[in-house]
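Coordinate inspection notes
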Amino acid sequence: MGAAGKLAGTGVVVTGAGRGIGRALAVRAAAEGARVVVNDLDADNARAVAAEVGGTAVPGDASSTEGVQALLAAATDALGRVDVYFANAGVDGAFGVDSLQAPDELWQRTMDVNVMAHVRAARELVPGWLADGQGGRFVVTASAAGLLTMIGTAPYSVTKHASVAFAEWLAVTYGYRGVDVHAICPQGVRTAMLDSAGPLQELLTRDGALEPEEVAEAAVAAIEEGRFLVLPHPEIGTYYVARATDTDKWLRGMGRLQQKLDESGLMG
């Protein structure tokens, strides 16, 4: 696709871009001809990736209102205009074995990073995209957990469902006015988050663990084709249909899987 693609010449912001999927998105966007702002909480990683892609590092917390505003102000200074926003930063919200007992503080932090960060960024970006008539592109890194039923951590599962729901709402509300929206929903990806998944690693990689670069490739392909859902693991589409077609059957099957994990002691 290269310089002929939809990212060519655009001003792109990628949050959580210091490693993993975010880094891969930043590298791929730059390869497509975009000018890239690299955001991450880890300032050293942000600077390293920015140097790698010839972009601009803007370290900081992209989940708070103040952090989003500071990021977008710096990005606008660097790029002139933010055309594409990859809302990629995320946390796993992990809490021991029984995540029903996760404290409110963990729920709030997971909600802030996995959902409200997207809301706060869109709140700042969309009015300008509409006002100048040029539109924009908002890309959410969600998860297969946002389409299916996640065994394990409740905060992660619930917030990833919410992130997909927000992306859907954004597409419905502003899509006809020039705001393109995409939701990236991979299963297992070789990142630090997968490394820390413990007994769930086998489940998350049942359809294979992808490299972050493969996720970025799928995202660019979806952008070029104008598809909302980015499914780096195509099997997720089949599971999504099965879940919607017979939800009770799907939940019974997932319940049996949960029971097997409990009885094996792997979740204990």
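Thresholds, definitions, all that
- Residues numbered from 1 in each chain as written.
- Predicted model: local features only at pLDDT ≥ 70, side-chain atom pairs only at ≥ 80, totals over all residues.
- Heavy atoms only, no water.
- Helix = DSSP H or I, 4+ residues; strand = E, 2+ residues; numbered from the N terminus.
- Buried < 20%, exposed > 50% of the residue type's maximum accessible area, 1.4 Å probe, protein only.
- Contact = heavy atoms within 4.5 Å.
- Areas by Shrake-Rupley, 256 points an atom, 1.4 Å probe, with all protein chains shown as cover.
- Patch = residues over 30% accessible without salt bridge, like charges linked within 9 Å, V, L, I, M, F, W, Y side chains within 5 Å.
- Salt bridge = Lys/Arg side-chain N within 4 Å of Asp/Glu carboxyl O.
- Lys, Arg positive; Asp, Glu negative; His and termini not counted.
- Charge placed at Lys NZ, Arg CZ, Asp CG, Glu CD.
- Pairing = 2+ DSSP bridges.
- Axes fitted to C-alpha atoms, helices over the stretch in contact; angles between N-to-C directions.
- Phe/Tyr/Trp six-rings, centres within 6.5 Å; stacked < 30°, edge-to-face > 60°.

Things to note about the overall build of the protein
Looking only at helices and strands, one finds ten helices and seven strands in the protein. When the 268 residues of the protein are sorted by exposure, 47% land in the buried category. Restricting to contacts in the protein with at least 6 residues of sequence separation, those with at least 24 account for 65%. Summed over its atoms, the accessible surface of the protein is roughly 12,100 Å², and 53% of this surface lies on carbon and sulfur atoms.

Examining a positive patch on the surface
Side chains of Lys 249, Arg 252, Arg 256 and Lys 260 sit close together on the surface and give a patch of like positive charge. Structurally, Lys 260 is set in helix H10 (residues 247-264). The class of Lys 260 is exposed, set by a relative accessible area of 59%.

Overview of the sheet that holds strand E5 (residues 136-141)
Taken together, the seven strands give an open sheet; going across it, the order is E3-E2-E1-E4-E5-E6-E7, and neighbouring strands pair in parallel fashion. Edge positions in the sheet fall to strand E3 (56-57) and strand E7 (229-230), since each has one partner strand and no second. In this structure, strand E1 (residues 11-14) lies alongside strand E2 (residues 35-38), joined through four bridges in parallel fashion. Looking at E2, one finds that Val 14 is bridged to Val 38. In the packing of helix H4 (residues 104-131) onto the sheet, contacts are made with strand E4 (84-87), E5 and strand E6 (179-184), and the angle to E5 comes to roughly 165°.

Side note on the packing of aromatic side chains
The final tally for this structure, using the stated rule, is four aromatic pairs. Geometrically, the ring pair formed by Tyr 85 and Phe 138 is stacked, given 5.5 Å between the ring centres and 15° between the ring planes. Remark: Phe 138 occurs in strand E5 and Tyr 85 occurs in strand E4; sequence separation between them is 53 residues. Taking the relative accessible area as the measure of exposure, Tyr 85 reaches 1% and is therefore buried. A connected cluster of aromatic rings, assembled from ring pairs, spans Phe 166, Trp 169 and Tyr 174.

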